[in-house]
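Structural characterization, general
The primary structure of each chain is shown beneath.
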Amino acid sequence: MSLTKFSLKRPVTTLLVVLALAVFGISSLLGLRLELMPDMDMPVMMVMTIYPGADPESVEELVSSEIEGKVGALSGVDSVTTYSQENSSMVLLQYDYSVDTNDAYLDLRAALDSVERSLPDDCQSPIVMKMDINSMPSMMYSLSTTDGSDVLSLANDEIVPELKAVSSVASVEVSGGRENYIQVKLDEEAMNQYGLTMSSIAQFIATTDFTVPIGSLEQGTQSISAISTADVTTVEDLREIPLFTATGSMIHLSDVADVQWSQKDPDSISRYNGEETLTVSVTKNQSASTLGVVRDVRKTMERLQKEHPGLVATASYDASDMILLAVKSVGSTLLMGVILSMLVLFIFFGDGKASLIVGSAMPISLLVTVIVMAVAGFSLNIITLGALVIA
């Protein structure tokens, strides 16, 4: 009651306090990071082990059981679930929520180092993966070209370095795509005819790409280093590489081999709208804002598309769309709650002034909450926005 009396007796002071809360609240609201989900440390780890050529029974007996028996006794482990399938083993560890996952990771890694000696020789080293919702990509692009150029080389040589240069980007991953290479298919019959072997042809090819210093040139007071170099840059240059037969005569590589461009089998396949493309996934720094990362990545990709007219880059996934949709939904719900509260008060009490007071007090109280959230380092996400609506 004393606060109410003070507010009535000091209207100017009260107005200044309200205005100050509004100003600091709005500035804090604009400074808060917009995220889909809050930063969470999930107490779940996975151990992936590859055992090439093994059937599920062998994987279960020789790999999964060994790892399960060793890691199941670790401190803080609540449950262990194993999945054994052909060529691979997956061990899922659920920890207590009070466990520090960083310490748990070190203990798990030490246990796996000891159990690795008892695994089969052909089995690869176990890989530990932490369940981290913050490691999900913030944006994914599907890349292709209209001029027939190698999109994989373009992505690895130019696009990935440009995206990694963005300060808010933590990592950039490339999946899909087919790598071009020059295939030299030797003709065994022609090789026997000219008395050449595979190793001798390989030596002739290697000697055509060299850089050798040949000394220095003196020009007045300056000393200029000179080098001799040869570089094979095209398929035609490779076809014209000279080879010397057993009789001493010279032929070219094209006489004993078919030299042409070819594509390696892809390690992964990426499709978008039914067409095979190359996918570039961008993950943000933990302290960065998703909206800021998306904005910076979009600017970079737009600039790269202008520099390479044949490049087609389509955003196949954009986390900011979901965030803005969630914020818009919660914001409309919040506004509806304020209006309905004022309407209910007016219907039951018939006092328009009281309804306006409550209607103006609710946004101010929310702005005070936003100030506290900014000081505590919280972000605006589904959880915090839902809490504001309930409050």
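To keep things clear, this report deals only with the structure shown in the data block.

The rules behind the values
- Residues numbered from 1 in each chain as written.
- Predicted model: local features only at pLDDT ≥ 70, side-chain atom pairs only at ≥ 80, totals over all residues.
- Heavy atoms only, no water.
- Helix = DSSP H or I, 4+ residues; strand = E, 2+ residues; numbered from the N terminus.
- Buried < 20%, exposed > 50% of the residue type's maximum accessible area, 1.4 Å probe, protein only.
- Contact = heavy atoms within 4.5 Å.
- Areas by Shrake-Rupley, 256 points an atom, 1.4 Å probe, with all protein chains shown as cover.
- Bend = angle between axes of the 7 residues up to and from the residue.
- Polar contact = N/O pair within 3.5 Å; in protein donor to acceptor, adjacent residues only side chain to side chain.
- Pairing = 2+ DSSP bridges.
- Axes fitted to C-alpha atoms, helices over the stretch in contact; angles between N-to-C directions.
- Patch = residues over 30% accessible without salt bridge, like charges linked within 9 Å, V, L, I, M, F, W, Y side chains within 5 Å.
- Salt bridge = Lys/Arg side-chain N within 4 Å of Asp/Glu carboxyl O.
- Core = buried A, V, L, I, M, F, W, Y, C linked by side-chain atoms within 4.5 Å.
- Parallel < 35°, antiparallel > 145°, perpendicular 65-115°, else oblique.
- Left-handed = near helix turned anticlockwise from the far one by under 90°.
- Nonpolar A, V, L, I, M, F, W, Y, C, P; charged D, E, K, R; others polar.

**Structural notes on the overall build of the protein chain**
Helix and strand content of the protein chain: twelve helices and 15 strands. Taken across its 391 residues, the protein chain has 30% of its residues classed as buried. Across the protein chain, the fraction of contacts at a sequence separation of at least 24, relative to all contacts at a separation of at least 6, is 70%. With an accessible surface of roughly 23900 Å², the protein chain has 58% of that area assigned to carbon and sulfur atoms.

**Digging into helix α5 (residues 151–164)**
A maximum bend of about 30 degrees is found in α5 at E158, where proline P161 lies one to four positions downstream. Those residues of α5 not exposed but buried are V151, L152, L154, A155, I159, V160 and L163.

**Concerning the side chain of T384**
Topologically, T384 is positioned in helix α12 (residues 382–390). Here S379 takes part through its backbone oxygen, which lies 2.9 Å from a polar atom of the side chain of T384. What T384 contacts, discounting residues up to four positions off in sequence, is M373 and S379.

**What to know about the sheet that holds strand β3 (residues 88–95)**
Spatial strand order, β2-β3-β1-β4: four strands in an open sheet with antiparallel pairing. In this open sheet, the two strands that pair with only one neighbour each are β2 (77–85) and β4 (127–130). Averaged over neighbouring strand pairs, the angle between their axes works out to 20 degrees when direction is ignored. Against the sheet, helix α3 (residues 56–71) engages β1 (44–50), β2 and β3, with an angle of about 165 degrees to β2.

**A short note on the pairing of β1**
Here β1 lies mainly inside the structure; five of its seven residues are buried. Across seven bridges, the pairing between β1 and β3 is antiparallel. Each residue of the ladder has a partner; that of I50, found in β3, is S88. Examined bridge by bridge, β1 and β4 share four bridges and lie antiparallel to one another. Counterpart to M46 in the pairing with β4 is M129.

**Observations regarding a nonpolar patch on the surface**
On the surface, M336, L340, L343, V344, F346, I347, F348 and F349 cluster together into a nonpolar patch covering about 910 Å² of accessible area. Within the secondary structure layout, F349 lies in helix α10 (residues 319–349).

**Some remarks on the nonpolar core**
Grouped together as the largest cluster of nonpolar side chains are 24 residues, with contacts concentrated most on Y141, L143, I159, L163, V169, V297 and M301. For this core, the elements supplying multiple residues, two or more each, are β5 (139–145), α5, β6 (169–176), β14 (275–284), α9 (290–307) and β15 (311–318). The biggest single contributor to this core is α5, with seven residues. In this structure, Y141 is in contact with L278, T279, V280, V297, R298, M301, A313, T314, A315 and S316, ignoring residues within four places of it in sequence. Counting 21 residues, the second-largest nonpolar core is a separate cluster that includes V71, L74, V77 and L93.

**Regarding the pattern of salt bridges**
All chains considered together, the criterion is met by four salt bridges. In this structure, the salt-bridge partner of R109 is D113, at a minimum N-O distance of 3.7 Å. Taken together, the positions of R109 and D113, both in helix α4 (residues 101–115) and four residues apart, correspond to about one turn of that helix. Its salt-bridge partner being D318, residue R298 comes within 2.2 Å of it at the nearest N-O pair. With R298 in helix α9 and D318 in strand β15, this pair connects stretches of sequence that are 20 residues apart. Judged by its relative accessible area of 7%, D318 is buried. Within the structure, one salt-bridge network assembled from shared partners comprises E162, R303 and E307.

**Regarding the packing of α5 against α9**
Between α5 and α9, the shortest axis-to-axis distance is 10 Å and the interhelical angle comes to 150 degrees. With respect to α9, the axis of α5 lies roughly antiparallel. Note on packing geometry: the crossing formed by α5 with α9 is right-handed. Along the contact surface, α5 presents I159, E162 and L163, while α9 presents V297, T300, M301, R303 and L304. Tallied by class, the residues present in the contact of α5 with α9 amount to five nonpolar, one polar and two charged.

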